[in-house]
Amino acid sequence: VKIEEWSTDYGFVESVMYLQPLIQATVLLTLPKNSSENLDLILDTCFCLNPSQIHKLLSMYKCDDFEGKVSGELLDVICDKTQPNEQLMVPTVELEFLLPEPEIEGEVDIIHHLGPDLPFMSNILNALQN
């Protein structure tokens, strides 16, 4: 949410749509994952992710002690919904083309430093690309 707000505040409204798969991947990890009954909630909430991406993320997810484990039955049901040749990786986007012209001479363009260099984004991108 903070990145979405920042993007909107600084005129990068179009870039927010490219963040949706990453945002939904982080939300996925907060959803209940202990039963196949959670499938509809997961698919409805993570509509930017395909079943192959969801399966990959959940199969690699390491639960904390206070969480229930990811249901094997849920993973099987998600696997049944995958399609051949589904894309596992999130498409990359050259954000330079989305950047507005700096309004102030010498303005630092910090959006160039966003992306895979942020620790949480790097972890999610790695999981989706492997």
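Analysis parameters
- Residues numbered from 1 in each chain as written.
- Predicted model: local features only at pLDDT ≥ 70, side-chain atom pairs only at ≥ 80, totals over all residues.
- Heavy atoms only, no water.
- Core = buried A, V, L, I, M, F, W, Y, C linked by side-chain atoms within 4.5 Å.
- Buried < 20%, exposed > 50% of the residue type's maximum accessible area, 1.4 Å probe, protein only.
- Helix = DSSP H or I, 4+ residues; strand = E, 2+ residues; numbered from the N terminus.
- Contact = heavy atoms within 4.5 Å.
- Axes fitted to C-alpha atoms, helices over the stretch in contact; angles between N-to-C directions.
- Parallel < 35°, antiparallel > 145°, perpendicular 65-115°, else oblique.
- Nonpolar A, V, L, I, M, F, W, Y, C, P; charged D, E, K, R; others polar.
- Arc of directions from axis to C-beta.
- Polar contact = N/O pair within 3.5 Å; in protein donor to acceptor, adjacent residues only side chain to side chain.

Quick one: what's the story with the nonpolar core, residue by residue and with numbers?
Side chains of nonpolar character tend, in soluble globular proteins, to be buried together. Counting residues in each nonpolar core, the largest one holds 14 residues, and the members touching the most others are L28, I42, I54 and L58. Those elements giving two or more residues to this core turn out to be helix 2 (16–28), helix 3 (39–45), helix 4 (51–60) and helix 5 (72–81). Dropping the residues within four chain positions of it, L28 is found in contact with K33, I42, C46, I54, L57 and L58.

Can you lay out the packing of helix 1 (residues 2–9) against helix 2 for me, pointing to particular residues and giving the numbers?
Running from N to C, helix 1 and helix 2 point in directions that differ by 175°, and their axes come no closer than 11 Å. Judged by the inter-axis angle, helix 1 sits roughly antiparallel to helix 2. Taking contact as the criterion, the partners of I3, E4, S7 and T8 in helix 1 are, on helix 2, V16, L19, Q20 and I23. Of the residues contributing to the contact of helix 1 with helix 2, the split by class is 4 nonpolar, 3 polar and 1 charged.

Mind laying out the side chain of S52, listing which residues take part and the relevant values?
Considering the arrangement of structural elements, one finds S52 in helix 4. We classify S52 as buried; its relative accessible area is 14%.

Requested: an account of helix 5, with residues and values cited.
In an α-helix, one full turn covers 3.6 residues, which means residues spaced three or four apart are oriented alike. For helix 5, every residue scored as buried is listed here: L74, L75 and I78. For helix 5, the angular spread of buried residues about the axis comes to 100°, placing them on one side. Looking at helix 5, the residues exposed on the side facing more than 90 degrees away from the buried face are D76 and D80. Residues of helix 5 that are buried make contact with helix 3 and helix 4. The residue sitting at the N-terminus of helix 5 and contributing the capping side-chain oxygen is S71; that oxygen lies 3.1 Å from the backbone nitrogen of E73.

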